Each structure stands twice: as C-alpha cells, then as structure tokens.
Amino acid sequence: MAGVTAVLYGVAAYAIFLGSFLYAIGFVGNVVVPKSIDSGAAGSPVEAVIVNVLLLGLFAAQHSVMARPAFKRLWTRIVPKSVERSTYVLLASLVLMLLYWQWRPIPGLVWSVEDAVWIAVINGVFWLGWAILAISTHLIDHFEMFGLAQVFAASRKKQAPAPVFKTPFFYKWVRHPIYVGFLLAFWATPSMTWGHLLFSTGSTGYILLGIFLEERDLVALFGDQYRRYRKQVGMLIPWPGRNPAE
Ligand SMILES: C[S@@+](CC[C@H](N)C(=O)[O-])C[C@H]1O[C@@H](n2cnc3c(N)ncnc32)[C@H](O)[C@@H]1O
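To start, this report covers the structure provided alongside it. (Residues numbered from 1 in each chain as written. Predicted model: local features only at pLDDT ≥ 70, side-chain atom pairs only at ≥ 80, totals over all residues. Heavy atoms only, no water.)

**Examining the site of the ligand**
So, point 1. Residues in contact with the ligand, as listed here, are Ile140, Met145, Val164, Phe165, Lys166, Tyr171, His176, Pro177, Ile178, Tyr179, Glu214 and Leu218.
So, point 2. Within the backbone of Lys166, one N or O atom sits 2.8 Å away from a nitrogen atom of the ligand.
So, point 3. Between the ligand and Glu214, the relevant distance is 2.6 Å, taken from a nitrogen atom to a side-chain nitrogen or oxygen of the residue.
So, point 4. Of all elements in the fold, only helix H8 (177-187) and helix H9 (194-222) reach the threshold of two or more residues within the shell around the ligand.
So, point 5. The element contributing the most residues to the shell around the ligand is H8, with three residues.
So, point 6. A class-by-class count of the residues in the shell around the ligand yields nine nonpolar, one polar and two charged. (Near = heavy atom within 4 Å. Polar contact = N/O pair within 3.5 Å; in protein donor to acceptor, adjacent residues only side chain to side chain. Helix = DSSP H or I, 4+ residues; strand = E, 2+ residues; numbered from the N terminus. Nonpolar A, V, L, I, M, F, W, Y, C, P; charged D, E, K, R; others polar.)

See below:
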C-alpha cells in the first residue's frame, strides 16, 4: 500500500477508534450518549441475554483471534504489514459500534447506592479507571498500540521498531494496568442493573482469558525477562511486599 494511502487509512482507523472509545465511556457510565447500557425499552429478558452474550462473544472472538501472532502471520499475506494493526483497531471499533447499537437493556437493580458521598466515591472510581487506562496506553506506546506508528514508518519506507519490554510507572505495580482501568470502569457504578452486570461479568471473563493469551505471547516474545516480571509483579492487584520491577 502506498505510503500516503496507508497514513490516511491509519489516521481514519485511529479517529474511528477514538470515537468508539469515547462513546464507551458514555455507554457504560450512562452519561451524554443517546444509547447507553441501560437506556431504551426493555424487551424479552431471554432475547436480551442471548443477543448481549452474542455481542460480547463477537468482540472477544475478534480480539482474541486477530491479536495472535499466528493469525497475524497468515493475515499479513493478504493485508499489508504496515496497516495490520490499523485494520485490527478498525474492526474492533466496528464491532464495538455494533454492540452499542444492538445492546439490549435488562432493567432491575442488583444494587443501588443511595448515599450521596458513596455515589461520589463510586463515580470517582469509574473516572479513575478510564484515566488509568488512557495513561497506561501512553506508558507502553499509544501510537504503536493503535497502528499510527506503523503507517507513519511505512510512509518513510521504514519498518516500525520491534516491540520493547517496558515496565514504566503503573507497570511496576501491576502487569496489566489497562485491564485494571477497564475493570474499575465496568464495575464502579452506584446503580448496577442486570444488563450492566451481564456486561461487567462477560468482559471480566474475557479480560482474564485475554491476559492468559497475551502473557503466553509475551513469554514467547520476551522470554525470561517476562517470566521474571511475572514472579515479581501482581497481575491486576499490587501485592505489598513484592518487589516492584526494575
Ligand atoms: C491492549 S495492550 C494491553 C497491555 C497490558 N495487558 C495492560 O493491561 O496494560 C496489549 C499490547 O501490549 C503489549 N504489552 C503488554 N505488556 C507489555 C510490557 N510490559 N512491555 C511491552 N509491551 C507490553 C502486548 O504485547 C500487546 O501488544
């Protein structure tokens, strides 16, 4: 793919990702966006569970399959290597949009916090989760993670630099701060409906599976460096007494 076309494609994919990411905040938090996790008329709960589980499954399948090195090797015979990440990001964003559009609310409260102070604390944790997540993407390499580094390198007729093992800031305390951010944002709600609970439970299950698959790839990529890191640093919870990674 010509350099300029790759850059335009990569920038468009990034813009669509950014839109779908910002929408996710409104969708999960029931703020600002026209269609959120709890909005809309409720239909049959059985149909809602089936549709929602299929939507979550589609997102998990797309992420799990397309992020694997073996799939990337096959896929880059069809799609130029320079836009492989952008294509992954674009498809992930389109699947997310489908989920926002087709998600069925399931009303009924599992828990509801009434105290104003606790509501403020829980909402604070929700926003803290999104902040940890956004900061952590920059700690690893935001522009590489979302495909921009690869398309700009291609436009200069260069290969994107090989991945480097890093443990900056949050990564000294937990191995997966981006996923910690998602978990805080998904679970911290003063009013948990059955629909939201299904979303939080399904995505937590997927995050745990994603960690298993990602760490298998990270061990294959970084070898003993990652094995040592795994012994020293907690997966999602910082353990007092453990040594933060150097
Ligand atoms: C969506 S990011 C999630 C990163 C991490 N699991 C987290 O929750 O913060 C996935 C990418 O980060 C890379 N990655 C994860 N941990 C890393 C580390 N310590 N150093 C460099 N790259 C890492 C993986 O190889 C993968 O390409």
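Structure's up, so let's keep going.
**Quick word on the packing of aromatic side chains**
So, point 1. For the structure shown, the criterion picks out 23 aromatic pairs.
So, point 2. Ring geometry for Trp130 versus Phe182: centroids 6.1 Å apart, planes at 80°, classification edge-to-face. Here Trp130, found in helix H5 (residues 116-140), pairs with Phe182, found in helix H8; they are 52 residues apart in sequence, far enough to count as distant.
So, point 3. Here Trp130 and Phe186 contribute two aromatic rings whose centre-to-centre distance is 6.3 Å and whose plane-to-plane angle is 70°, an arrangement assigned as edge-to-face. Highlighted residues: Trp130 in helix H5 and Phe186 in helix H8, separated in sequence by 56 residues. The exposure classification of Trp130 matches that of Phe186, with both residues buried. (Phe/Tyr/Trp six-rings, centres within 6.5 Å; stacked < 30°, edge-to-face > 60°. Buried < 20%, exposed > 50% of the residue type's maximum accessible area, 1.4 Å probe, protein only.)

**Regarding the pattern of salt bridges**
So, point 1. Summed over the entire model, instances satisfying the criterion amount to five salt bridges.
So, point 2. Here Arg68 makes a salt bridge to Asp217, at a shortest N to O gap of 2.9 Å. Taken together, the positions of Arg68 in the loop between helix H2 (45-66) and helix H3 (69-75) and Asp217 in helix H9 put the pair 149 residues apart, joining distant regions of the chain.
So, point 3. Classification of Asp217 by relative accessible area gives buried; the value is 19%.
So, point 4. Close ionic contact of Arg227 with Asp224 constitutes a salt bridge, the shortest N to O distance being 2.7 Å. With Arg227 and Asp224 both in helix H10 (residues 224-232) and three residues apart, the pair spans about one turn of that helix.
So, point 5. Assessed through its relative accessible area of 39%, Arg227 is described here as partly exposed. (Salt bridge = Lys/Arg side-chain N within 4 Å of Asp/Glu carboxyl O.)

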